[in-house]
Amino acid sequence: MVKLTIIILFLISFILIIKGQDYSISNLNNINIFYPDSTAATFCRAQFYFLVQIIKPNASPIVTLSSDNFNCYQILGNITSSIFSCSKNQTLPNFSNYSSTFIVNGNSSKGSLEINYECKGYIIKIEIIQEVTWNTVHKYSSIVKLNGLLDSTTISVINNNSFELISLGKSYYRIIYYEGYFIPKLSNLSQWEISFNNSGTNITISTPYNIKKFKNRNIQEEIVDLVQFPEDGQVNYNSLYYFTSVIKFRSTSSLQRPINPLVFRSNFLYSSLPRPISGSIGNMTYIGYFYLEELLQYYYLYKQKDDLTFQGIPITTNYTYQPLQMVLNHFLKSTNVDNSSSSISLFTFQLPYGDLKYNYSFQYCAYSFDYRGSPPGFQAFPFGFSSGNNLNYNMTISVPTRGFTSQPKIQFYMYDYHGIGPVLEVTPSYIVNDSSQKTVIKSLETIYVNNFNYLVRFTISDTYGLKYIDTIDSYKYIRFDAESLVSGDIKNGVFEVLYDAVKYGPTFGRITFYNHIDTTTSFIPNQPFSILKPNSRINFPSIQLQSVDHLKDIKDISYRFNDVDITDKMVENIIYFSFNNIDNYKNLPIGFTLIDPRSLQDMDFFHGINFDYTIILKSVYIFAIWDEQNSRFYIKFKIPANTSPGVLDWMLVFNKENYLINTQLPDEYQLRIISTKFDNYGPIVTNIIKYPNSTTTVIGWLFTIEDEINGFKDGYITIRGSIDSSVYNITLTSSDMVIGSGGNKWKGDYLINIPYILNDCVSQGYEIYYAVFTDTFGNRNKYYKTLTDVELTSQISHDSTVNPFIYFLKDISSVLQVSTLGVCSKIDSTPPVLISFNASKSSIDVGSLDRSITFNFHSQDLEGLKDDQYPIVYITDSNVKIHQITSNIVSSNSTDIEYTCTMEVPIGFSHPYGFLISVYGFINRGGSYSGFSGSQLKELGFSWFVETKSFSVSQPIITGSSGIDNDGGDLWLYGRGFINTDTITLSNIIETYSPSMTVLSESAILIKNVKPSNYSINILLTNSQQPTIQSNTLIINPNIYYFNYSAAPLPTNKPQSCIGNPVCGGSNQGYCKENVGCICYSPYIGLDCTSKIMAIPQPKPNENKPTTVIENSNKINNNHQITSNISIIAIREVNSVTGEQVKIHYIDKWYYNSITSTISNYQSTIINNNISTTINATLEWFENKSNITFANQELIMNPSTIKYTVELSSYKFSNQLTNLQVIIEAQIQSNENNICSNKEFGDTTLDNSNYIKLQVSSNSIYGRFLKRGIVDGKTVTITNELLDSKLNSISKENNIQSYIGIEIGQYQTSVIIDPDFSLLLDNRIADSYSPNSICSTSSSTSLTKGQLIGIIIGASLFFIVLVIIIGKIIFSKSIHLKIIYYKMFKKPKDSY
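Throughout this description, residue numbers start from 1 for each chain and increase along the sequence as written. Under the rules for a predicted model, residues below a pLDDT of 70 receive no local features and side-chain atom pairs below 80 are neither given nor counted, while totals for whole chains, interfaces and linings still include all residues. Note that the side-chain values use all heavy atoms of the structure and ignore hydrogens as well as water.

**Section: the overall build of the chain**
Along the backbone of the chain there are eleven helices and 106 strands. Think of it in three bands: residues with accessible area under 20% of the maximum for their type are buried, residues over 50% are exposed, and the middle band is partly exposed, with areas taken using a 1.4 Å probe on protein chains only. When the 1392 residues of the chain are sorted by exposure, 55% land in the buried category. Any pair of residues with heavy atoms lying within 4.5 Å of one another is described as a contacting pair. Long-range pairs, those at least 24 residues apart, make up 67% of the contacts in the chain with a sequence separation of at least 6. Helix numbering and strand numbering both begin at the N terminus, where a helix is a DSSP run of H or I of at least 4 residues and a strand a DSSP run of E of at least 2.

Given below as structure tokens:
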């Protein structure tokens, strides 16, 4: 391609020389048709890139390129060539063709080019792809296709606070509806409408909204047990303390995902969605938090009414702002510039906060240079604190930088949480006036690696050396430093970065290259970056999809296990799926993640309005594997223990914009889980006793920690001294429970004791600033008063629902603070001194394997150093990137302590100018601390600086890998220097071997066919050539899958004999399977395959009760009508030993709800022993043959079948010896006379169930009753009993009725059973020969002669036997036989 471009340019130049022109102009665009950037725009932005070249030796330098109304400027240039960017806003016209001439240096005769282009508006055609659906990640959403609209176009929506359109590519858009849309508008609307502006015309998108999917099952949702913490909503807060008031409530909604937004003063942009934490569907507990707004504020918690409109429950908060003392001010005591080092300048400044009397309260400080683009680094105590205490202190900070720069001033910022702080402005010792010396990109390559990862390879040159590359997409700052150098050096080298195309995606901001004199070279995306390769454009990679129709294409979703019980156990599972148009997907990386409530909480999911799911989902994706043999994908994953019951939510991710959520799919594709102990909430502290008190000298707290479901596992607490900033980190485990308190893991007492030395002089308070508590299955609750070093690098969360101290929000600082009484009258003003400080290396190769450096130092204080305090050593580069290591104590006495620590310097850190060392955090017993900046260490003659001129790029270093499980397979390694290796060695405790490998680049290696292993794997790269090169050893731990989930054993029916004449109805209707019975071909059914399922219209739902009435007219005689009836009539409590009835609850009143055209729902309630039990019946009509799963059993639903799913909530049993029966009535009758009826009850052949068959004439109703159900979330065996004799069923020749009792043992929370019914046409009419038949007199046939002979012979034989028995009795001596005889033949007295 490059050669072809050069040839074309050469030919153009040759022609132009012949024409006598001095310059050639080449249009680098591949399109000449332009559209508006925004749908609301009334103009197009015509954008061209031109390559201008000198083609005559004596031509003037290229200065300008111009054209009427075009704005042109040079973006790249050298002596002979330039690339110009030219743009113009062209008003949308009645016609669209335009022509412009571009000329060089204002002289058209020397060089010109005429360009024709078009400007067009949008003609948009709307196609609805998916109706409105709901999921927790982005709430209500739908998908539409806006044909005719470019994906890059900004859609100018009307009322953009209510909804948002997100481009998915190929003209597809996801519409996300926010609370501002659906709360005020949602009702019985079947269409949701939004509008946007298209060149002055409003276009409306109307998306279907299926009301029935979101409606409660006839019983209006109620919000009960609503509790606010604190009760009056009053909370004190400051600028760094974000934990606010919290509410808990219980919802009776029958929906798994009810919609209960918590909204601030009807301002829908300030809303959050309470999250479920425990319970079951219909009895679920939620917790939610309020936004941080000062003074008295009003909120509304919304619930859905019967008509789907929202009703708001008013709640108030009243927050009091308590401002912190400002840490920083613009005053500087002194500034010092040290240029004595040949490689670095040392800037030092001091801040006299002691003079300003501003107290320090452990808040963070930020540090940055103004012109270097990167975000600030954050540090908290002890960094920078050189002397004093929190009431009167000094800060001394040294920053390394170069003595030369292209900038006239070097400005260093240090500011607090208010953005206020001093500016250190220094004039550099040498200014480089050479702005033309910028970074040159020689080449840019993008190489796909695996999953969502690409390698981006830059080849650059820069006279002063490349420092780093950065860009900003719509939400994230992305930066690549010197560690990306893989060959050459920073002046002429190759940089490789591993780029996650989903985490970052395509960037829309400038891509900027910074060199070491602070000159920048910036490019906008899709801009030419090289004169040598003018047709190449700069972009970060994105995953390109051949199709975004995955919602239509996905099919055949199934799971290794369904109806999975995850109560108290994690379960390993596999999802299988495929697609139509499979060639669009086979080579596509497809990520998978769970988004159930528990998994979302582990990701620190933000439950407010989410504009970018990739920001709020901190997921580690599992990737699909293509199974060629079965033409499908599969993904192994783990279901967390005790997550929410019902359907498990998950997401498939295709690229940054495109993902598929399970709630967008039909019911048959859902993974159902059972959980009787749902727990999505960490441990909380319910009681606090502070010490010291009048009875003890212990200093600390006694916490009562509760976790009522999973139980408390461990905790971590950070305590700080208010005067000397001393810090104590305390770890708790369940073994630390106070002995003798009678506690357990669900509720126990724990003593948090501060290590207290009685001769400490200072009087001060100790306060808990950070605490995290974890339960036995990983749920965490976390508290922090201010951002500490634990939280500095993580997302700041305002989610107060995780606060373990919600019972103490009223005055939490007071509760979490204890005080000591010192023995001194004043604070010791003399801080600790540093006797020695030594670094083991003065220079380091930041590309070598050995990048470790050890620091040994010695501190002294004549009043004594405080025990258990550990100073921190920092290393700082010229961009204020800081790394730190906490020291350990080697030895100590009453006045002196020796410390040591060893740090591994990051790859490429501060190359080539070296880094600065500092140490802070020495604390004495008198309440004072000290620390030493780099300049202070230098003044003391100690180690203060380490050179980093050496950077070995050929040394192989493995920095990471892709994931692998215990089945082995392919493994990717990431790092550097791989091109120099040829052998890889893998070892575990079993074996050592060397698999094949493919070196993709300096940074990536593919290892093929890693062997299965359940053990850790050690990986080593080597080069067999001399001298031998060896990498570091990387240890990876395979993800272990055993798939040992075991459901309840299946109840099985006994083998049956094949019956019928012909057997099994003949070869067209079934076949005989040995030890099984007859296997019938659809639509035939029954033990002998002689009954045929009738295709009938769907019965009309009964809106009063869950009764199905099926009517069928005889085709020969329309006067003959068959009517069948299936009903749920009662709940019956029976003695489990005798079977006797204890109680029966007839169900008369039902609440009806139509879910879909084929699904109806009924709900009723019975009361027993003052406890309500909800009966929930869902009737689903199957028009076609379908496969379903219930209770871990695959079932075939025949055509024209009605399925009853019956759910019971908890029931108050009369005693421990009773069971419960759900009684279902089945009946079939005919208006025809002189016929027979018949009844059968027995075992099915294949599906281990019972069946009931009621037949009149040639028509039957057939019911299947499974021998298994879901009880308390577990699959268990149940029994089905025929109750006709007990409930007096009807048995007539043309009307037969039966009662079936589905019996369940005692349970705690819930029961689900699942019978189904069909109408049959029998090959054989019921007659007197049918077993259990009932016939009318006229329908009985005359007895044949053979039958009469048989009856006579049988009667004669019976008479003879009877005579023998009587004779035996009369002549027997047995008194017992004579009594029997007497009772048989003696006439009763009243017969005389």
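After that view, the rundown keeps rolling.
**A short note on the nonpolar core**
Core analysis: the largest hydrophobic core is formed by 62 residues, its most contacted members being F837, F855 and F857. Take this core: its biggest share by element is five residues, from strand β70 (residues 915–923). Here F855 is in contact with F837, N838, A839, V873, I875, Y899, T900, C901, M903 and I917, once residues within four sequence places are set aside. Put simply, a nonpolar core is a bunch of buried Ala, Val, Leu, Ile, Met, Phe, Trp, Tyr and Cys residues held in one set by side-chain atoms that sit within 4.5 Å of each other. The next biggest cluster of nonpolar side chains, apart from the first, holds 57 residues, and it includes I129, L551, F561 and I595.

**Focus on the sheet that holds strand β39 (residues 485–488)**
The pairing criterion is simple: DSSP has to find at least two bridges between the two strands. Read across the open sheet, the four strands follow the order β35-β36-β40-β39; overall the sheet is antiparallel. On the outer flanks of this sheet lie β35 (440–450) and β39, each paired with one strand and no other. Shown here is a sheet whose adjacent strand axes are inclined to one another by a mean of 20°, direction ignored. As judged from the three bridges shared by β39 and strand β40 (residues 492–500), these two strands associate in the antiparallel manner. Paired with G488 across the strands is G493, a residue of β40. Axis geometry follows a simple rule: fit a line to the C-alpha atoms, using only the stretch in contact for helices, then measure angles between N-to-C directions, giving values from 0 to 180 degrees.

**What about the state of the cysteines?**
Linking two cysteines covalently via their sulfur atoms produces the bond known as a disulfide. When the sulfur atoms of two cysteines come within 2.5 Å, that pair is taken as a disulfide. Applying the stated criterion to the full structure yields six disulfides. Disulfide pairing is shown between C1064 and C1078; the S-S distance is 2.0 Å. Sign of the S-S torsion, about -85° for the bond between C1064 and C1078, identifies this disulfide as left-handed. Taken together, the residues C1064 in the loop between β81 (1034–1036) and β82 (1070–1073) and C1078 in strand β83 (residues 1077–1080) connect sequence positions 14 residues apart. Exposure class is identical for C1064 and C1078. Each is buried. With a sulfur-sulfur separation of 2.0 Å, C1236 is cross-linked through a disulfide to C1335. Between C1236 and C1335 the sulfur-sulfur dihedral comes to about 115°; the bridge is accordingly right-handed. Of the two residues, C1236 sits in strand β96 (residues 1236–1243) while C1335 sits in strand β106 (residues 1334–1335), which places them 99 residues apart along the sequence. Judged by its relative accessible area of 4%, C1236 falls in the buried class. Its relative accessible area of 23% is what places C1335 among the partly exposed residues.

**Thoughts on the side chain of N453**
Turning to its location among the elements, N453 is positioned in strand β36 (residues 453–461). Two N or O atoms form a polar contact when they lie within 3.5 Å of each other; inside protein one atom must be a possible hydrogen donor and the other a possible acceptor, and for residues adjacent in sequence the pair counts only when both atoms belong to side chains. A polar contact of 3.5 Å, which involves the side chain of N453, links it to the side chain of Y974. Contacts of N453, omitting those with residues within four sequence positions, involve Y448, L498, Y499, D500 and Y974.

**Some words on the pattern of salt bridges**
Any two side chains of opposite charge can pair, on the condition that their charged atoms come close. By convention in these notes, a salt bridge is any Lys or Arg side-chain nitrogen within 4 Å of a carboxyl oxygen on Asp or Glu. Here the structure, examined in full by the defined rule, presents 33 salt bridges. Of the charged contacts, one joins D22 and K110 as a salt bridge, the two residues approaching to 3.6 Å between their closest N and O atoms. Of the two residues, D22 is situated in the loop between α1 (2–19) and β1 (23–27) and K110 in strand β8 (residues 107–119); the sequence distance between them amounts to 88 residues. E118 is the partner of K120 in a salt bridge, and the nearest nitrogen-oxygen pair spans 3.7 Å.

**Section: empty space enclosed by the protein**
Lining residues are those with an atom within 4 Å of a point, where the points come from a 1 Å grid over the protein atoms alone and group into cavities, where a 1.4 Å probe fits but cannot get out, or pockets, open sets with protein on both sides within 12 Å along at least five of seven lines. Grid points are joined across faces, edges and corners, and a volume is the space filled by probe spheres set on the points. A full pass over the atoms with the stated rule returns eight cavities of 30 Å³ or more. Empty space within the largest cavity amounts to approximately 250 Å³. Taken together, 20 residues line the largest cavity, and the ones lying closest to its centre are T136, Q256, R257, P276 and P597. Counting residues per element, the ones that place at least two in the lining of the largest cavity are β21 (275–280), β22 (283–289) and α5 (597–602). Residues are grouped as follows: nonpolar covers Ala, Val, Leu, Ile, Met, Phe, Trp, Tyr, Cys and Pro; charged covers Asp, Glu, Lys and Arg; every other residue, Gly included, is treated as polar. Here the lining of the largest cavity is composed, by residue class, of eleven nonpolar, six polar and three charged.

**Quick notes on the side chain of T567**
Mapping T567 onto the fold places it in the loop between β46 (564–565) and β47 (571–579). Owing to a relative accessible area of 11%, T567 belongs among the buried residues under this scheme. Only 2.8 Å separates the side chain of T567 from the side chain of D565, close enough to count as a polar contact. Among the polar contacts made by the side chain of T567, one reaches the main-chain amide nitrogen of T676 at a distance of 3.1 Å.

**Thoughts on a nonpolar patch on the surface**
On the surface, I989, I990 and Y1015 cluster together into a nonpolar patch covering about 350 Å² of accessible area. Positionally, Y1015 belongs in the loop between β78 (1004–1010) and β79 (1017–1023). Surface patches are defined over residues having more than 30% relative accessible area and no salt bridge, joining like charges when they lie within 9 Å and nonpolar side chains (Val, Leu, Ile, Met, Phe, Trp, Tyr) when within 5 Å. Here the accessible surface of atoms and residues is derived via Shrake-Rupley with a 1.4 Å probe, and residues count as covered only by protein chains that are part of the display.

**Focus: the packing of aromatic side chains**
For this analysis, a ring pair means two rings from Phe, Tyr or Trp (six-membered ring only for Trp) whose centres lie within 6.5 Å, classed as stacked if their planes differ by under 30 degrees, edge-to-face if by over 60, and tilted for the remaining angles. The tally for this structure, following the rule as stated, stands at 70 aromatic pairs. Between Y140 and W192, the ring centres sit 4.8 Å apart and the planes meet at 65°, which makes this aromatic pair edge-to-face. With Y140 in strand β10 (residues 139–147) and W192 in strand β14 (residues 191–198), the pair connects residues that are 52 residues apart, well separated along the chain. Look at W192 and you get buried, because its relative accessible area is 1%. With a centroid separation of 5.6 Å and an interplanar angle of 65°, the aromatic rings of F383 and Y920 are classed as edge-to-face. A residue pair is termed long-range when its members are at least 10 positions apart, and F383 in the loop between β28 (377–379) and β29 (385–389) and Y920 in strand β70 qualify at 537 residues. Linked through ring pairs, F34, F48, F50, F70, Y98, F102 and Y117 together constitute an aromatic cluster. The cationic tip of R174 hangs over the ring face of Y659; the distance from NZ or CZ to the ring centre is 4.1 Å. Two conditions define a charge sitting above a ring: the NZ of Lys or the CZ of Arg must be within 6 Å of the ring centre, and it must be within 35 degrees of the ring normal. For the cation-ring pair, K1011 lies above Y993, with the distance from its terminal atom to the ring centre recorded as 4.6 Å.

**Observations regarding the sheet that holds strand β48 (residues 591–594)**
Overall, antiparallel pairing links the four strands, which are arranged β49-β48-β53-β54 in an open sheet. Unpaired on one side and paired on the other, β49 (622–623) and β54 (659–661) mark the two borders of the sheet. Pairing of β48 with strand β53 (residues 650–653) involves four bridges; the strand directions are antiparallel. When the bridges of β53 are listed, L594 appears paired with W650.

**Some words on the environment of Y448**
Inspection of the secondary structure puts Y448 in strand β35. Remark: the alpha-carbon pair of Y448 and L1000, spanning 552 residues in sequence, is separated by 9.8 Å. Setting aside chain neighbours within four positions, we find Y448 in contact with N453, Y454, P589 and L1000. A polar atom in the side chain of Y448 sits 2.7 Å from the backbone oxygen of N451.

**Considering the environment of I1007**
Looking at the secondary structure, you find I1007 in strand β78. Separated by 36 residues in the primary sequence, I1007 and L971 have C-alpha atoms spaced 5.1 Å apart. Those residues in contact with I1007 that sit more than four places away from it in its chain are G969, D970, L971, L973, I984, L986, P995, S996 and M997.

**Re the pairing of strand β91 (residues 1171–1182)**
Of the pairings in the sheet, the one linking strand β90 (residues 1159–1168) to β91 comprises ten bridges and is antiparallel in character. Directly across from Q1163, in β91, lies its bridge partner N1176. If you look at the hairpin formed by β90 and β91, you'll find two residues sitting between the two strands, and N1169 has a positive phi there, around 55°. The sheet contact formed by β91 and strand β94 (residues 1201–1208) spans eight bridges and is antiparallel. The residue of β94 that forms the bridge with F1182 is T1201.

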